[in-house]
Amino acid sequence: MNKFCAFLSNGINIEKRSRGYSVTPCCWYDEEIIIPDLTPQNIQTARNKFSHIDSWVPACNACKTLETHGGSSFRHSSFDVVVDDDDTVQHLDLMLHNVCQNACIICSSDFSSTWYKQTGGVKPFMFDKLQFENLKQFNLDNVRTIRFKGGEPFANDLHLDFLALIKNPEQCDIQYTVSAQTLPSQRTWDTISKFRLVKIEFSADGVGEQFEYIRYPQKWSNFVNNCKTIRQIAPVNTLFRFNYTVNPFNIAYFDRFQHWVDTEFADNRLGDPTEINLHECTGNLACDKTPPALIQTIKTNNLQLQGMISMDRYTEHDSMIAYMDFWDTQRNLNWRSVFPELVQYYE
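Presented here is an overview of the structure given in this document.

What counts, and where the lines are drawn
Residues numbered from 1 in each chain as written. Predicted model: local features only at pLDDT ≥ 70, side-chain atom pairs only at ≥ 80, totals over all residues. Heavy atoms only, no water. Helix = DSSP H or I, 4+ residues; strand = E, 2+ residues; numbered from the N terminus. Buried < 20%, exposed > 50% of the residue type's maximum accessible area, 1.4 Å probe, protein only. 1 Å grid on protein atoms, 1.4 Å probe; cavity = no way out; pocket = protein on both sides within 12 Å on 5 of 7 lines; lining within 4 Å. Points joined across faces, edges and corners; volume = space filled by probe spheres on them. Nonpolar A, V, L, I, M, F, W, Y, C, P; charged D, E, K, R; others polar. Salt bridge = Lys/Arg side-chain N within 4 Å of Asp/Glu carboxyl O. Pairing = 2+ DSSP bridges. Polar contact = N/O pair within 3.5 Å; in protein donor to acceptor, adjacent residues only side chain to side chain. Contact = heavy atoms within 4.5 Å.

### Looking at the environment of Lys299
Move 1: Along the chain, Lys299 falls in the loop between α12 (292-295) and α13 (303-309).
Move 2: You can call Lys299 exposed: its relative accessible area is 64%.
Move 3: Placed 47 residues apart in sequence, Lys299 and Ala252 show a C-alpha to C-alpha distance of 8.5 Å.

So, in structure tokens, the structure goes:
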């Protein structure tokens, strides 16, 4: 096990790309390592490029920044996830496709086929099922956690094709990050009930019309109804959490979202508590575009959010406002009416 970060020795993040497959130690590692296919030899070649790292490198800046400002990072969590002191793969992050019905203002065609319809960019892609045959030859016997990212994992059955490769599901935890646009199939419920623990993480960055603005064109009522339906029919080994992607607009409204979770979705039907995970937005709505004057008004008891707002890294916000104004005209929306309290900080 790598003593600096266990994911460097025991984690793999596999993402389908137009020119092959990206293999990195985790989803935060900011350097693509592209291989043409997922033969064991190619996977090991990719792993050899990062397994020896024993200190901070530029690709690990996301964790370094969090830790520098007193936050908890993915590197920290690696030692909770990886339990065996060896070099086997114990944690997997998987992006099998970018099929998604949403075109969230914080996203792009990299992760959403709907964005491609509006902007071009990265064409819709899907994991080649032939690669599952290659993965059968790779040692997955010690995998303890699997995370499925989107796209929308429940949009098709590729995740089930992969789970069929896991020989000892009762020893493995799985997690899905979903938009709740699509209800899981019965085959999904039957399959995941065999695993030790399942976490379904709903992506939600606000409530009501703020949710609808950020996660366009999804409707808040549809999201709430599907979340509650999933909670009602999911197997008893299922826990729930919400992923709140913090950006310069919803950063001031987190307490509203926290209140909704506490009153409407506090636990699963067995009483296990719902978690909320926060992570920072990058790209056009990156957190470094949040004006200091707005940051100073935010009061919160959430430790993750406290860590984020304590960082002194403001750059500018004019490019972000221009971006949102452009898409408001395309979508007949108006961020100024959806986030009225923030107008004074951005104009």
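There is more to say, and it comes next.
### A few points about empty space enclosed by the protein
Move 1: Applying the stated rule across the entire model yields four cavities of 30 Å³ or more.
Move 2: Forming the boundary of the largest cavity are 13 residues, of which Cys5, Cys26, Tyr29, Cys60 and Cys63 lie nearest the centre.
Move 3: Those elements that place two or more of their residues in the lining of the largest cavity are α1 (6-10), α3 (61-68) and α4 (74-81).
Move 4: Counted as a void, the second largest cavity has a volume near 50 Å³.
Move 5: Its residues placed into classes, the lining of the second largest cavity shows five nonpolar, two polar and two charged.

### Focus: the pattern of salt bridges
Move 1: With the rule as written, the count across this model stands at 21 salt bridges.
Move 2: Across the pair Asp161 and Arg187 runs a salt bridge, and its minimum N-O distance is 3.7 Å. Of the two residues, Asp161 is situated in helix α7 (residues 158-163) and Arg187 in helix α8 (residues 186-192); the sequence distance between them amounts to 26 residues.
Move 3: Classification of Arg187 as partly exposed rests on a relative accessible area of 40%.
Move 4: Two residues, Lys199 and Glu275, come together in a salt bridge whose shortest N-O distance is 3.4 Å. Placement of Lys199 in strand β7 (residues 197-203) and of Glu275 in strand β9 (residues 275-280) is noted, with a sequence separation of 76 residues between them.
Move 5: Of the residues examined, Lys199 reaches a relative accessible area of 21% and is grouped as partly exposed.
Move 6: Classification of Glu275 as partly exposed rests on a relative accessible area of 36%.
Move 7: The network of salt bridges with common partners includes Lys129, Asp157, Asp161 and Arg187.

### Details of the sheet that holds strand β5 (residues 145-148)
Move 1: Taken together, the nine strands give an open sheet; going across it, the order is β3-β2-β1-β4-β5-β6-β7-β8-β9, and neighbouring strands pair in mixed fashion. A single partner strand is all that each edge strand has here, and the edge strands are β3 (34-35) and β9.
Move 2: Two elements, strand β4 (residues 91-95) and β5, share four bridges in a ladder whose sense is parallel. Bridge pairing in β5 places Leu92 opposite Ile146.

### Quick word on unusual backbone geometry
Move 1: Residues Gly150 and Gly151 are joined by a peptide bond in cis, for which omega reads -5 degrees.
Move 2: By the element assignment, Gly151 lies in the loop between β5 and α7.
Move 3: Cis rather than trans, the peptide bond between Tyr216 and Pro217 has omega equal to 0 degrees.
Move 4: Following the sequence through the fold, Pro217 ends up in the loop between α9 (208-214) and α10 (220-233).
Move 5: Positioned with a positive phi, Ala180 is a non-glycine residue whose angle comes to about 65 degrees.
Move 6: Along the polypeptide, Ala180 turns up in the loop between β6 (173-178) and α8.
Move 7: Judged by its relative accessible area of 0%, Ala180 is buried.

### With respect to the side chain of Arg241
Move 1: Mapping Arg241 onto the fold places it in strand β8 (residues 238-246).
Move 2: Taking relative accessible area as the criterion, Arg241 reaches 13% and is therefore assigned buried.
Move 3: A polar contact is formed between the side chain of Arg241 and the side chain of Glu201, at a distance of 2.6 Å.
Move 4: Every residue in contact with Arg241, bar those within four places of it in the chain, is listed here: Gln175, Ile200, Glu201, Phe202, Thr274, Glu275 and Asn277.

### Considerations on the environment of Lys64
Move 1: Tracing the backbone through its elements, the reader meets Lys64 in helix α3.
Move 2: Between the alpha carbons of Lys64 and Arg75 there is a distance of 8.8 Å; along the sequence they are eleven residues apart.

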